[in-house]
Amino acid sequence: MALASVLQSESVDFSNYGRQRRGFASGLYETELGLESVGGDSLSFALRTSCSNGDGPDRKIEFLHGTTTLAFKFQHGVIVAVDSRATAGSYIASQTVKKVIEINPYLLGTMAGGAADCSFWERLLARQCRVYELRNKERISVAAASKLLANMVYQYKGMGLSMGTMVCGWDKTGPGLYYVDSEGNRVCGDLFAVGSGSMYAYGIVDSGLKQKDLTVEEACDLGRRAIYQATYRDAYSGGQVNLYHVHSEGWTRVSQSDVLMLHQQYQSEKA
Amino acid sequence: MFATQVYGDNGKMKEYHYTGPVEHRFSPYSFNGGTVLAVAGEDFAIVASDTRLSEGYSIHSRDSPKCYKLTDTTVIGCSGFHGDCLTLTKIIDARLKMYKHSNNKCMTSGAIAAMLSTILYGRRFFPYYVYNIIGGLDEEGKGAVYSFDPVGSYQRDTYKAGGSASAMLQPLLDNQIGFKNMEGVQHLPLSQEKAVQLVKDVFISAAERDVYTGDALRICIITKEGIKEETVPLRKD
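How each quantity is defined
- Residues numbered from 1 in each chain as written.
- Chains lettered and ligands numbered in written order.
- Predicted model: local features only at pLDDT ≥ 70, side-chain atom pairs only at ≥ 80, totals over all residues.
- Heavy atoms only, no water.
- UniProt positions renumbered as here; feature names shortened; annotations may be inferred.
- Helix = DSSP H or I, 4+ residues; strand = E, 2+ residues; numbered from the N terminus.
- Rg over C-alpha atoms; globule rule 2.2 N^0.38 Å.
- Areas by Shrake-Rupley, 256 points an atom, 1.4 Å probe, with all protein chains shown as cover.
- Lys, Arg positive; Asp, Glu negative; His and termini not counted.
- Charge placed at Lys NZ, Arg CZ, Asp CG, Glu CD.
- 1 Å grid on protein atoms, 1.4 Å probe; cavity = no way out; pocket = protein on both sides within 12 Å on 5 of 7 lines; lining within 4 Å.
- Points joined across faces, edges and corners; volume = space filled by probe spheres on them.
- Nonpolar A, V, L, I, M, F, W, Y, C, P; charged D, E, K, R; others polar.
- Buried < 20%, exposed > 50% of the residue type's maximum accessible area, 1.4 Å probe, protein only.
- Contact = heavy atoms within 4.5 Å.
- Arc of directions from axis to C-beta.

Looking at an unreviewed UniProt entry, chain B carries the name Proteasome subunit beta, with the source organism given as Salvelinus namaycush. In its Function (unreviewed entry) section, the UniProt entry covering chain B states "Component of the proteasome, a multicatalytic proteinase complex which is characterized by its ability to cleave peptides with Arg, Phe, Tyr, Leu, and Glu adjacent to the leaving group at neutral or slightly basic pH. The proteasome has an ATP-dependent proteolytic activity." Per UniProt, the comment on chain B under Subunit (unreviewed entry) is "Component of the proteasome complex."

If you check an unreviewed UniProt entry, chain A appears there as Proteasome subunit beta from Salvelinus namaycush.

So, the overall build of chain B
Counting secondary structure elements, chain B contains four helices and 12 strands. Taken against the 2.2 N^0.38 rule, which gives 18 Å for 237 residues, the C-alpha radius of gyration of chain B at 18 Å falls within 12% of a compact globule. In terms of its C-alpha atoms, chain B occupies a principal-axis envelope of roughly 60 × 50 × 30 Å. Accessible surface computed for chain B: about 11,400 Å², of which carbon and sulfur atoms make up 53%. Charged side chains in chain B number 26 positive and 27 negative. The centres of these two groups are separated by 4 Å.

So, the layout of surface pockets
Any space left empty among the atoms is revealed by the rolling of a water-sized probe across them. Roughly 1,200 Å³ of internal volume is contained in the second largest pocket. Every element with two or more residues in the lining of the second largest pocket is listed here: β5 (91-94), α6 (216-233) and α7 (259-270) of chain A together with β9 (154-157), β10 (159-163) and α3 (166-176) of chain B. Looking at the lining of the second largest pocket element by element, the count peaks at five residues for α7(A). The class makeup of the residues in the lining of the second largest pocket is 13 nonpolar, 16 polar and nine charged.

Some details on unusual backbone geometry
Of note in the backbone geometry, A:K137 takes a positive phi value of approximately 55° without being a glycine. For B:N181, which is not glycine, the phi dihedral falls at a positive 55°. A residue is classified by how much of its surface remains accessible, and B:N181, at 79% relative accessible area, is exposed.

Details of the environment of B:A94
Summarising the element assignment, B:A94 is placed in helix α1 (residues 82-103). B:A94 sits 52 residues away from B:Y146 along the chain, and the two C-alpha atoms are 20 Å apart.

Brief notes about the environment of B:M115
Turning to its location among the elements, B:M115 is positioned in helix α2 (residues 109-121). Among residues more than four places away in sequence, those in contact with B:M115 are B:I92, B:R95 and B:M107.

Points about helix α5 (residues 198-208) of chain A
Residue and element names in this part refer to chain A. Those residues of α5 that sit buried are S198, A201, V205 and G208. Down the axis of α5, the buried side of the element spans an arc of 95°, and every buried residue falls inside it. Contacts from the buried residues of α5 go to β2 (69-74), β12 (191-194) and α6.

Encoded structure:
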């Protein structure tokens, strides 16, 4: 399996661990970009242990991911906006997490779900993309990169990985945006928002995208506003808003704004 | 020592009233308490930990520090399950030696942090129950602190508290070192003396309110001259 080969350990049979996990009562709080926030047994990969409703491993309980990340395509590329809060249960472990992973100078990945899962697998994806570039003497397409990631985590489906990511980039066919998660979903689209604050973000972005042909400045403001609104209403999102713009030459880090400052700015604009 | 379900999930004892027949399952983990703290300055780093080793209502040892020296410029603080702390530090030491032999140089703090992340993630499905914080000097000689979660997610910080009293210490550090939630305050850089005094004060507060923290405080101060250790007594109750 991919994990074993990277770590050069003897290949371990992981299939038994899923069954054994139920017995381990542990107070482990993994830093999550917010998986379920139950107290007590909150191993973040306790997806299976909680579904003791007799339906067996087939029925999965949907957990909220305490974060807000969004990305949308527009005329001049892709805007990627994320918050920066990481929670371990109800404790805020950090307000300065980088939830956008720079895979290479023209590909970005966002993080939602288990922090370690996202950063590990996207770092592995960066390595695979580089190998592709060396072998084929051309950049990898966004579709191929997202497919590589989806296939890597599919091998671990059902074992408790938690990852909801958006792969954003610009390739030969123009701007590319794919949503990939640890359940095995991989969908292409023009707009995605992932996390517990996603509903609030969707509201803002949907209404803002109604008017056609946004300029870069307007699109950035829209992304920033959407994340700000989500942090305002969602307790598990907050910190700073990190904004990136992906264009034909690659990605640019547009801004990093503290939510408190944005709040004061928007309040004074309203007045 | 087994930890059975009698010791609730975060190491605190469960209520002592009869709730009915309880199935006692073997748990491979145990919670041994302890708090670790690291602060990065302009040209120094401090890693501090208390020295109490507990389990449930008992104290196993009053002299079990949680800071481990890795290289001349890096110290790691590990708290959580003592068994995993010991194994993890042994594995890190072995990997450091291997790196030294193959590359003919010592690992830098950033490299150790990245390596630890993959070591921890290698046990993604049966994690090391350890909260790690690495403190040291980076290649430019500036202080660096790297904080981890049990499965390897990490980031570089200026200051971080981990372990049982972390939720009590972190807000105080946010205010005093990060100047958070204060307006109109001058952001002065932290001097080494002020940082050491702050660490002592912060642990004294933690010992007042957290049962798993106390006995003594071990401070490791890392500068380009080397690593200096200081021990300060704390409440023993």
